Structure formats: C-alpha cells, structure tokens
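Residues per chain, in single letters:
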Amino acid sequence: MQNSSDRTPSSEPSDYYQNTFKTTPNDILTHMDNTDFIEEAKLAIGDIGSCVQSSSLSTKLNDYNKPSIAYLNMRSTDNQEYCIELSKHGYRVVGKKFDDNRCPSPTYYESLQALFTQKSQSYVQSFADNLRAKLNAELQHEQLNKETEEKN
C-alpha cells in the first residue's frame, strides 16, 4: 500500500479521499503473508467499537486454523449490517448481512475506519461526537487543574 502522504490531491476532495484510503487487489502486502488476520480483526474491532452499534468476529466464516483471512460482523449506528473481510489486501465489504460473504466488493480499504467513513454517514457522525466528547473532557480536566493551581 502506498503511504497516504505520498499521494497528491486531485481537484476534487472526494477523489483525494478515495484515492488515499482505498487499495486494489494488486496492492498485496507481501510482508504480511504470515499475519494472523483474526487477531488483527480483534484489534480493529477494539479501535472502532465505540462508533458502531455492534461489532464481532464472524462465528460462521472464520477458520482459526487458517487465519490468513478474517471476517467481521458490524452494525452501524444507523442499523446497517455489514460482513467485512480482512486479508493482506485490506478491508472490504463482502456482504450486507452478518456471516454473509456472497457479495464481495472489489474495493479494498487500508483501515476499518476508512471503510466506514465511506460507507456510513452515521459512523462519521458518531466518530465526531466521540472526539468532541473526549476533547471537552480534556478541556474540563485542564480547566480544573488550572483552577486548582491558582488556589494554591
């Protein structure tokens, strides 16, 4: 995969975003041939979990003896179900129902966040709300510390 900083924006911001974060099957990550993608999927679920309604590993599609591909079941906050594949090519939607990999998309993404940013407006809103809440909490914490220091 190409580093996003190596790419130059086109005249259209949406073109830049799509070209920055999606990959193609030709972008094979040969250095990841021995990666346990089921373990990688668990980490990705932890990273995105607060911005979706539900997320889990597929209990029907994953083969723990062959972890070169992982399947995730995710439900966005607007109640849309996705079955997502993770392989050395990246992330892609393979079904619109849990445990269904019969409709694979040709588009791969570098991260689960990039995929959901393109597929789910509710994810974008949830991510923004979570970020805003964390920033507000940090500001309140800093303000409290400043007030405490001024009293001393």
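Residues numbered from 1 in each chain as written. Predicted model: local features only at pLDDT ≥ 70, side-chain atom pairs only at ≥ 80, totals over all residues. Heavy atoms only, no water.

Opposite charge on two side chains lets them pair, provided their charged atoms get close. Within the structure shown, the criterion is met by five salt bridges. The salt bridge partner of Glu81 is Arg75, with a shortest N-O separation of 2.5 Å. You can call Glu81 partly exposed: its relative accessible area is 22%. The salt bridge involving Arg92 is made with Glu85; its shortest N-O contact spans 3.0 Å. (Salt bridge = Lys/Arg side-chain N within 4 Å of Asp/Glu carboxyl O. Buried < 20%, exposed > 50% of the residue type's maximum accessible area, 1.4 Å probe, protein only.)

Where helix α2 (residues 37–48) meets helix α3 (residues 112–119), the axes come as close as 10 Å, and the angle between the chain directions of the two elements is 55°. Of the possible angle classes, the one that applies to α2 and α3 is oblique. Across the interface between the two elements, Ala44, Asp47 and Ile48 of α2 pack against Leu112, Gln113 and Phe116 of α3. Among the residues forming the contact of α2 with α3, the class breakdown is four nonpolar, one polar and one charged. (Axes fitted to C-alpha atoms, helices over the stretch in contact; angles between N-to-C directions. Helix = DSSP H or I, 4+ residues; strand = E, 2+ residues; numbered from the N terminus. Parallel < 35°, antiparallel > 145°, perpendicular 65-115°, else oblique. Contact = heavy atoms within 4.5 Å. Nonpolar A, V, L, I, M, F, W, Y, C, P; charged D, E, K, R; others polar.)

Bringing the packing of aromatic side chains into the picture now. In total, this model carries three aromatic pairs according to the counting rule given. Between the aromatic rings of Phe116 and Tyr123, the centroid separation amounts to 5.8 Å while the plane-to-plane angle is 45°, which identifies the pairing as tilted. Across this residue pair, the class does not change: Phe116 and Tyr123 are buried. (Phe/Tyr/Trp six-rings, centres within 6.5 Å; stacked < 30°, edge-to-face > 60°.)

By secondary structure assignment, the location of Arg75 is in strand β3 (residues 70–75). Apart from residues no more than four positions distant in its own chain, Arg75 is found in contact with Val52, Gln53, Ser54, Gln80, Glu81 and Phe98.

A few words on the nonpolar core. Residues Leu72, Met74, Ile84, Leu112 and Phe116 are the most contacted members of the largest nonpolar core, which totals 23 residues. Broken down by secondary-structure element, the contributors of at least two residues to this core are α2, β3, β4 (81–87), β5 (90–95) and α3. It is α2 that contributes the most residues to this core, six residues altogether. Apart from the residues within four sequence positions on either side, Leu112 is in contact with Ala44, Ile48, Leu72, Met74, Ile84 and Tyr91. (Core = buried A, V, L, I, M, F, W, Y, C linked by side-chain atoms within 4.5 Å.)

This brings us to the side chain of Asn73. Along the chain, Asn73 turns up in strand β3. We classify Asn73 as buried; its relative accessible area is 5%. Side-chain polar atoms of Asn73 contact the backbone nitrogen of Asp99, separated by 2.8 Å. If we ignore the near neighbours within four places in the chain, the residues touching Asn73 are Ser54, Ser55, Ser56, Leu57, Ser58, Tyr82, Cys83, Phe98 and Asp99. (Polar contact = N/O pair within 3.5 Å; in protein donor to acceptor, adjacent residues only side chain to side chain.)

The residue Ser126 is located in helix α4 (residues 121–151) in this model. When sequence neighbours within four positions are dropped, the list of residues in contact with Ser126 reads Ser50, Cys51 and Thr77.

The subject of this paragraph is a nonpolar patch on the surface. A contiguous nonpolar surface patch, about 280 Å² in accessible area, is contributed by Phe127, Leu131 and Leu135. As for its position among the elements, Leu135 is in helix α4. (Patch = residues over 30% accessible without salt bridge, like charges linked within 9 Å, V, L, I, M, F, W, Y side chains within 5 Å. Areas by Shrake-Rupley, 256 points an atom, 1.4 Å probe, with all protein chains shown as cover.)

Moving on, we come to the confidence of the model for the protein. Of all residues in the protein, 78% attain a pLDDT of 70 or more, and the chain-wide mean is 82. This model gives residues 1–31 a pLDDT under 50, and the stretch forms 45 contacts once residues within four places in sequence are excluded. (pLDDT = per-residue confidence, 0-100.)

Okay, the pairing of β4 next. Of all the seven residues making up β4, six are buried; the element is thus mostly covered by neighbouring parts of the structure. Across six bridges, the pairing between β3 and β4 is antiparallel. In the strand pairing of β4, Tyr71 is matched with Glu85. Connecting β3 to the antiparallel partner β4 that follows it, the hairpin turn spans five residues, and Asn79 within it adopts a positive phi of roughly 70°. Where β4 folds back onto β5 in an antiparallel hairpin, the turn is made up of two residues. (Pairing = 2+ DSSP bridges.)

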